[in-house]
Amino acid sequence: MGDVAMTAPVLRALVLQNPEVKITIVSRPFFKPIFDDIPNLTFFEVDLKKRHKGFLGLIRLFLDLNKLGISHVADLHNVLRSKIVRSFFALSGKKVAATDKGRADKKALTRTANKVFKPTKSMFERHVETFTKLGFQIDLSKPQFPEKAILSNEILSKTGEVSNLKLIAIAPFAQYEGKVYPLDLMQKVVDALAQHPNYKILLFGGGNEEIKKLIQLQNHHENVVVVAGKINFKEELQLISNVKVMLSMDSGNAHLAAMLGVKVITLWGVTHPFLGFKPFNQPLENCLVSDRTTYPLLPTSVYGNKTVPGYEDAMRSILPQKVIEKINTILRD
């Protein structure tokens, strides 16, 4: 989901700065709400379970898309499926380009021996380069964001009163344990924030196991609400657009909030913002990283799935008080 969300600010800038351009974004149906408010954009739902399944399905996908009069193809995913489809377009004479994910640079940054500890290009820069190859200029220096959504009665019935309150979103989970802040430390963060009567904390996640942990984090605080499992994805985005700050791991929720213009604080375990996944338009100081003095081999993984022995507790070096202070500072500003 994070990879998809990271394309949204680039596509928004593309159509706003090149109003003659019309985009067809091809992705899974679930991701459609990410692009709903981008002008001149049509969402094409790929059906990977039936019509577009397998190699023959990819041929059908090419034929379906080719009917739309597409002149340029930007492969922002650059995986086997998208490579095959873009090859069909190239053979048909269309101009194609693909995002270079910088795998060599990322490997140099995450290896334990001869580590090259320096920032790699952000994925946003890489996507801009892709469109530059196609002949389109994009400037991300002065981004525009969508307006805050008007929250429906359906959403408010789940969150309770939000007017005159400072909304804080917390998404404490990630796909891999190497990117998840220990639950006991996150509990300290939630408990401290809940002491502010003008704060309302919204807890995000998914699945029964995560919801159980979120209920534990809620800890009977009246101003802490578990929204996971209560609203759909589109409603989640509408709610996130109204929060003052999002606290997230290096995960998709950080990118969803950032694409909406929300201030984001991210916590980094075995990964690192130098890998190019720092949320869009967020300052580096909002990325709280594990202590490289104690854990000098960090980062050890691009996606969080590789932890070297002895680094399992790296995120404990991010003190709860530091997280709390960072949130309070943003809310004061």
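A brief report on the enclosed structure follows.

The rules behind these values
- Residues numbered from 1 in each chain as written.
- Predicted model: local features only at pLDDT ≥ 70, side-chain atom pairs only at ≥ 80, totals over all residues.
- Heavy atoms only, no water.
- Buried < 20%, exposed > 50% of the residue type's maximum accessible area, 1.4 Å probe, protein only.
- Helix = DSSP H or I, 4+ residues; strand = E, 2+ residues; numbered from the N terminus.
- Pairing = 2+ DSSP bridges.
- Salt bridge = Lys/Arg side-chain N within 4 Å of Asp/Glu carboxyl O.
- Phe/Tyr/Trp six-rings, centres within 6.5 Å; stacked < 30°, edge-to-face > 60°.

### Regarding the pairing of strand β5 (residues 166–171)
- Where burial is concerned, most of β5 is hidden: 5 out of the 6 residues are buried.
- Here β5 runs beside strand β6 (residues 199–203); their pairing, made up of 5 bridges, is parallel. Each residue of the ladder has a partner; that of Ile170, found in β6, is Leu203.
- Alignment of β5 against strand β8 (residues 245–249), held across 4 bridges, turns out to be parallel. Note that in β8 the partner of Ala169 across the bridge is Met246.

### Let's talk about the pattern of salt bridges
- Here the structure, examined in full by the defined rule, presents 11 salt bridges.
- Between Arg126 and Asp105 there is a salt bridge whose closest N-O contact spans 3.9 Å. With Arg126 in helix α6 (residues 123–133) and Asp105 in helix α5 (residues 103–110), this residue pair connects regions lying 21 residues apart in the sequence.
- Residue classification places Arg126 among the buried residues on the basis of a relative accessible area of 4%.
- Put simply, Arg316 and Asp184 hold a salt bridge, and the shortest N to O gap is 2.9 Å. Residue Arg316 is located in the loop between β10 (287–289) and α12 (320–332), and its partner Asp184 is located in helix α8 (residues 183–193); the two are separated by 132 residues in the primary sequence.
- Take Asp184: its relative accessible area is 38%, and that puts it in the partly exposed class.
- The structure contains a network of salt bridges with shared partners spanning Lys32, Asp36 and Lys234.

### Overview of the packing of aromatic side chains
- Under the criterion given, the structure shown has 11 aromatic pairs.
- Seen from their ring centres, Phe62 and Phe88 are 5.6 Å apart, and the 50° between their planes marks the pair as tilted. With Phe62 in helix α3 (residues 54–66) and Phe88 in helix α4 (residues 80–91), the pair connects residues that are 26 residues apart, well separated along the chain. By the burial criterion, Phe62 is buried, and Phe88 matches it.
- Ring centres of Tyr295 and Tyr311 lie 5.1 Å apart, and the angle between their planes is 65°; on these two criteria the pair is classed as edge-to-face. With Tyr295 in the loop between β10 and α12 and Tyr311 in the loop between β10 and α12, this pair connects stretches of sequence that are 16 residues apart.
- A relative accessible area of 14% places Tyr295 in the buried class.
- One aromatic cluster in this structure is built from Phe55, Phe62, Phe88 and Phe89.

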